[in-house]
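Each chain, letter by letter, is given below.
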Amino acid sequence: MNSIIRPRRLRRTEAIREMVRENHLMASDFIYPLFIHEKDFKEEISAMPGTYRWDINGLIKEVTRAWQLGIRCVVLFPKVNDSLKTEDGAECFNEDGLIPRAIRILKKEIPEMAIMTDVALDPYSCDGHDGLVDETGKILNDETIEILKKQALTQARAGADFIGPSDMMDGRVGAIRAALDSQGFSDVGIISYTAKYSSAYYGPFRTALDSAPRENSKKIIPDNKSTYQMDPANSKEALIESALDQYEGADILMVKPGISYLDIVYRLSTFSNKPIAAYNVSGEYSMVKSAAMKNWINEKDIVLETLLSFKRAGAKLILTYHACDASQWLQDT
């Protein structure tokens, strides 16, 4: 056989490229993260250009816009007033707290939209950690889980479709699944932050929620979350976490952050039959937005290429602050 092999035949025209394209982006691939607060106006987040802390009325309008663009799930994060933050984070299971109220209102106004929540103590804790902190600075695993169960049940009673444990405590998925089932919420799903790394990419998010670790004169407070979030140097550990979360009852497994951990997305997608989600986190978002504002990059092309890379790596779902923009661009094209 003397003729050379010519893969370019399948790239020759747009029609042919579309015929053989392996992965496609759709608005329904996106989960849209939204920040909310108690104020009666929306407030731009300085570290995340184009992203806001929404008041309840603004939240309704934004979720309605997302639904009209084809997005089918949102996840809610609260900016909690300092006066409500305590060492035990008890505000997280207040039935009349910000998140339960927002869920109930959204379910009344846009009932078809799937709502995911965040389960962790850091937005509610005066210490700024995802779990309880003792006097020596140790994050208490089992004691934290008892509070997370209450938080998850409060969110389920409000109407949440998916509970999202982001705390990385050992055994919390199984404990939350058992608590939900025992109270009649067997239809409520769990999207587990399975491989959540101790990453520098979370900075803008912590600014948005004011949820970074804080000094406390009464006890030692670790200045990072490396005793419970995963070491960025490890990949096999993600397989252990995914096997545990799947066994304990998680419905969807998430990798966070996204771009720098595409190898983990791929490994989980080949290791598990559960749907894999990837979180295109705040630091990744802010870098793109900042570069686009200086006209150093084409924002649309960069965003769509990045989101497509998650699909190519094996993600079924993508949590991204670009969700509405990307959905509009996909409609336009």
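Residues numbered from 1 in each chain as written. Predicted model: local features only at pLDDT ≥ 70, side-chain atom pairs only at ≥ 80, totals over all residues. Heavy atoms only, no water.

- For the chain, the name recorded in an unreviewed UniProt entry is Delta-aminolevulinic acid dehydratase, with Prochlorococcus marinus as its organism.
- For the record of the chain, the UniProt heading Subunit (unreviewed entry) holds the text "Homooctamer."
- As stated in UniProt under Function (unreviewed entry), the record for the chain gives "Catalyzes an early step in the biosynthesis of tetrapyrroles. Binds two molecules of 5-aminolevulinate per subunit, each at a distinct site, and catalyzes their condensation to form porphobilinogen." (UniProt positions renumbered as here; feature names shortened; annotations may be inferred.)

Here we look at the UniProt feature "binding site: Mg(2+)" (unreviewed entry) in the chain
- Here the UniProt feature "binding site: Mg(2+)" (unreviewed entry) sits at Glu-241.
- Relative to the elements of secondary structure, Glu-241 occurs in helix 7 (residues 236–248). (Helix = DSSP H or I, 4+ residues; strand = E, 2+ residues; numbered from the N terminus.)

A look at the pairing of strand 8 (residues 162–165)
- When strand 5 (residues 114–119) meets strand 8, the two strands line up parallel, connected through four bridges. Of the residues in strand 8, the one forming a bridge with Val-119 is Pro-165.
- Relative to strand 9 (residues 189–196), strand 8 is paired through two bridges, and the arrangement is parallel. Within the sheet, the bridge partner assigned to Ile-163 lies in strand 9 and is Ile-190.
- The parallel pair strand 8 and strand 9, bridged by helix 5 (residues 172–182), forms a crossover whose chirality is right-handed. (Pairing = 2+ DSSP bridges. Right-handed = clockwise from strand over helix to strand, strands pointing away.)

Structural notes on the environment of Val-288
- Assignment of secondary structure puts Val-288 in helix 9 (residues 282–293).
- Spatially, the C-alpha atoms of Val-288 and Leu-106 are 30 Å apart, while their sequence positions differ by 182 residues.
- If near-sequence neighbours (up to four positions away) are discounted, Val-288 is found in contact with Ile-297, Glu-299, Ile-302, Val-303 and His-322. (Contact = heavy atoms within 4.5 Å.)

Quick look at the pairing of strand 12 (residues 317–320)
- Neither face of strand 12 is left uncovered, since the one carrying Leu-317 and Leu-319 and the one carrying Ile-318 and Thr-320 both have all their residues buried.
- One ladder, built from two bridges, connects strand 1 (residues 30–36) with strand 12; its direction is parallel. From the neighbouring strand, Phe-30 faces strand 12, where its bridge partner is Ile-318.
- For strand 11 (residues 276–280) and strand 12, the ladder comprises four bridges, and the chain directions are parallel. The residue of strand 12 that forms the bridge with Ala-278 is Ile-318. (Buried < 20%, exposed > 50% of the residue type's maximum accessible area, 1.4 Å probe, protein only.)

Structural notes on the nonpolar core
- Membership of the largest hydrophobic core comes to 78 residues, with the highest contact counts inside it found for Leu-59, Leu-76 and Leu-180.
- Among the elements that line this core, the one with the most residues is helix 4 (residues 141–158), at seven residues.
- Those residues in contact with Leu-59 that lie beyond four places of it in its chain are Leu-34, Ile-36, Trp-54, Leu-76, Ala-102 and Leu-106.
- Ranked by size, the runner-up nonpolar core spans 24 residues in total, among them Ile-31, Phe-35, Met-48 and Ile-252. (Core = buried A, V, L, I, M, F, W, Y, C linked by side-chain atoms within 4.5 Å.)

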